[in-house]
Amino acid sequence: MKSILFSHSYFLRFDPKQWQLGQPYPPLGTLYAAALMRENGYKVSLFDTMFASRPEEVAPYIDKSKPDFFVIYDDGFNYLTKMCLTNMREAAFDMCKLAKANGCTVIVSSSDSTDRYAEYLAQGADFVIIGEAEHTLLELTEQIERGFGDHSGVLGLAWLKDGVPVKTPGRPVLKELDSMPLPAWDLVDMEQYRQTWLKSAGYFSLNMSTTRGCPFKCNWCAKPIYGNRYNSRSPENVVKEIKLLKERYQMDHIWFCDDIFGLKPGWVQELALLLQAEDIKIRFKIQSRADLLAHPEIVEALAAAGCENVWIGAESGSQKILDAMDKGITVEQIREATALMKEQGIKPSFFIQFGYPGEKKDDIRLTINMINELLPFEIGISVSYPLPGTVFYDRVKTDLKKKTNWTDSDEMALMFHNTFPPSYYKQLHRYVHQNYHKHLAKNGLEKLLKQPLAVTPQTLRKALSVFYHAPATFIEGLKLKKLEEAIG
């Protein structure tokens, strides 16, 4: 029986913001690939880098399992791996070299290696899988087992031929997602994830995917693995996995990590009915779009199913910027979706993006005003980040010098010339966060004064935090104003 040691290149310790947050998810994409290979007769094991301190820690795993194949297979469902952070790339290179030195056939599948396959091949990878990878991996390993030396018939593959990188055409995407085995959850040290979550959040969350791909055309969004399509698991298949995870691991919460959850008409309603029929009660969070959530029946079904938090790509309060991004949504739809979610007891959260080309001070002000008005449950602020394969990248690539990726998810560096310099956006990030928390605290204080009998230690603490956030916002605002004046 041929053996495969799977790994991935996301080291939580190399991403200080995420390490401090302490809410890691197992490498779902890796576990799907491992499950398929095991189903086809391979012996599989996992070196999970999530809690590792350095890439060299893989060495004992290689010594113990003596694998025929070492596969770095990143979780394409997690936005942190889609960011192609240089800390993780360098760790992947180190693991490739180490595994190669130990006689393994080294195969890599990730968003970063799809964009930079020549670099990975130069760093010790024998093959790089381009795009959706499970069935390419299976076909490739079977060819190698049978002694085939010509892999030009394997779709979605890159390798060195006479020292020169070559690539085959892309593989058609998998449409029947129910045909995939459930992820190989048993390979994960689940107790380590559980204890980390309980310490940081007080509950245990696991990740699931119900779809692959996204058909929308936001021009800054990179989709190197699953692309501009949308295929969905059946609600029955999803409920089967929820039951397994609850029974086996007693998780409290799910992050449905789809790019867009429940786009297929009637899908969310059917899921809600199945969960009710099975008497399954589960809390979950999702990612969706404002235009999809501006419909009461969808939001009602999400609430009935157990949804408690929805992240939407609000991005900007300026319609001009939303249109420039090809978002396909309106500011009014953001308002409508937010109101509907709050009516149903769902917490709306916003992804916000500053620094898109053409954004001026007035556009920034519109975004801040939108946040202050709608008061989402959480906000995630970033600056525009160009990744290969996007229209946005093509627009700004002439401005990009040696630096084309962030080192970690909190770097927030603006890597192209824009209206304001990078220092301005870093200060803007600090100001907007303080201002947001000031308005949340102010809102909490107003509620407390209107309903003093409903006070709890938590609501009191939140309301009183206005006395911290108000002066902090003032100070950060002064710093921002000084930068604006210096820029002229």
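Note that the coordinates shown come from a computational prediction; the quantities given were computed from them, not determined experimentally.

For this particular structure, what's the right way to read the packing of aromatic side chains?
Taken as a whole and assessed by the stated rule, the structure comprises 21 aromatic pairs. Measuring from ring centre to ring centre gives 5.5 Å for Trp197 and Tyr203, while their planes differ by 45 degrees; the resulting arrangement is tilted. Among the residues examined, Trp197 registers a relative accessible area of 0% and is labelled buried. Ring geometry for Phe392 and Phe416: centres 5.4 Å apart, planes at 85 degrees, overall edge-to-face. Taken together, the residues Phe392 in helix α16 (residues 391-396) and Phe416 in the loop between α16 and α17 (422-450) connect sequence positions 24 residues apart.

Hey, could you run me through the packing of helix α10 (residues 235-249) against helix α11 (residues 267-277) in this one?
The relative placement of two packed helices is expressed as an angle between their axes plus a distance between the axes. Their axes nearest at 9 Å, the elements α10 and α11 cross at an angle of 45 degrees. Here α11 runs oblique to α10, going by the angle between their axes. Our pair here, α10 against α11, has a crossing hand that is right-handed. Judged by residue contacts, Pro235, Glu236, Val238, Val239 and Ile242 of α10 engage Trp267, Glu270, Leu271, Leu274 and Leu275 from α11. Classifying every residue of the contact of α10 with α11 by side-chain character gives eight nonpolar, no polar and two charged.

Please clarify how a negative patch on the surface should be interpreted in this entry.
A contiguous patch of negative charge, built from Glu176, Asp178, Glu236 and Glu270, is present on the exposed surface. Tracing the backbone through its elements, the reader meets Glu270 in helix α11. You can call Glu270 partly exposed: its relative accessible area is 35%.

Please explain the pairing of strand β14 (residues 347-354) as it appears in this structure.
Within β14, six of the eight residues are buried, which leaves it mostly tucked inside the rest of the structure. Note that strand β13 (residues 307-315) and β14 share five bridges and pair parallel. The partner of Glu315 across the bridge, within β14, is Ile352. Alignment of β14 against strand β15 (residues 378-383), held across six bridges, turns out to be parallel. Each bridged residue has a counterpart across the sheet, and for Phe354 the counterpart in β15 is Val383. Handedness of the β14-helix α15 (residues 361-374)-β15 crossover: right-handed.

Hey, could you run me through the sheet that holds strand β6 (residues 157-161) in this one?
Strand pairing in a sheet takes place through backbone hydrogen bonds and is either antiparallel or parallel in direction. Taken together, seven strands build an open sheet; the order of strands is β2-β1-β3-β4-β5-β6-β7 and the sheet is mixed. Pairing within the sheet leaves two strands with one partner each, and these edge strands are β2 (43-47) and β7 (164-167). Between one strand and the next, the sheet's axes are offset by a mean angle of 25 degrees, whatever the strand orientation. Pairing geometry for strand β1 (residues 3-7) and strand β3 (residues 69-73), over four bridges, is parallel. The residue of β3 that forms the bridge with Ser7 is Ile72.

Conventions and cut-offs
- Just so you know, the residues in each chain are numbered from 1, in the order the chain's sequence is written.
- Confidence filtering applies because this is a predicted model: local features only for residues at pLDDT of at least 70, side-chain atom pairs given and counted only at 80 or more, and all residues used for totals across whole chains, interfaces and linings.
- With hydrogens and water stripped out, all remaining heavy atoms of the structure feed into the side-chain values.
- We call Phe, Tyr and Trp rings a pair once their centres come within 6.5 Å, taking the six-membered ring for Trp, and we label the pair stacked below 30 degrees between planes, edge-to-face above 60, and tilted otherwise.
- Remark: exposure states derive from per-residue accessible area (1.4 Å probe, protein chains only) relative to the maximum for the residue type, with buried under 20%, exposed over 50%, and partly exposed in between.
- Secondary structure elements follow DSSP: runs of H or I no shorter than four residues count as helices, runs of E no shorter than two count as strands, and numbering proceeds from the N terminus.
- Here an angle of 0 to 180 degrees is reported between the N-to-C directions of two axes, which are lines fitted to C-alpha atoms, with helices fitted over the stretch in contact.
- The labels follow the angle: roughly parallel below 35 degrees, roughly antiparallel above 145, roughly perpendicular from 65 to 115, and oblique for the rest.
- A crossing counts as left-handed when the near helix is turned anticlockwise from the far one by less than a right angle, and as right-handed when that turn is clockwise.
- The contact rule is simple, with two residues in contact once any of their heavy atoms fall within 4.5 Å.
- Gly is placed with the polar residues, together with every amino acid not listed as nonpolar (Ala, Val, Leu, Ile, Met, Phe, Trp, Tyr, Cys and Pro) or charged (Asp, Glu, Lys and Arg).
- Exposure above 30% relative accessible area and the lack of any salt bridge qualify a residue for a patch; like charges then connect within 9 Å, and the nonpolar side chains Val, Leu, Ile, Met, Phe, Trp and Tyr within 5 Å.
- Surface accessibility follows the Shrake-Rupley procedure with a 1.4 Å probe radius. Residue values consider only the protein chains on display as shielding.
- Criterion for a salt bridge: a side-chain nitrogen of Lys or Arg within 4 Å of a carboxyl oxygen of Asp or Glu.
- Neither His nor the chain ends is counted toward charge; the positive residues are Lys and Arg and the negative residues Asp and Glu.
- For charged residues, the charge sits on one atom: NZ in Lys, CZ in Arg, CG in Asp, CD in Glu.
- Here the rule is simple: two strands pair whenever DSSP picks up at least two bridges between them.
- Convention used here: a crossover is right-handed provided that the path from the first strand, over the helix, to the second strand proceeds clockwise when the strands point away from the viewer.

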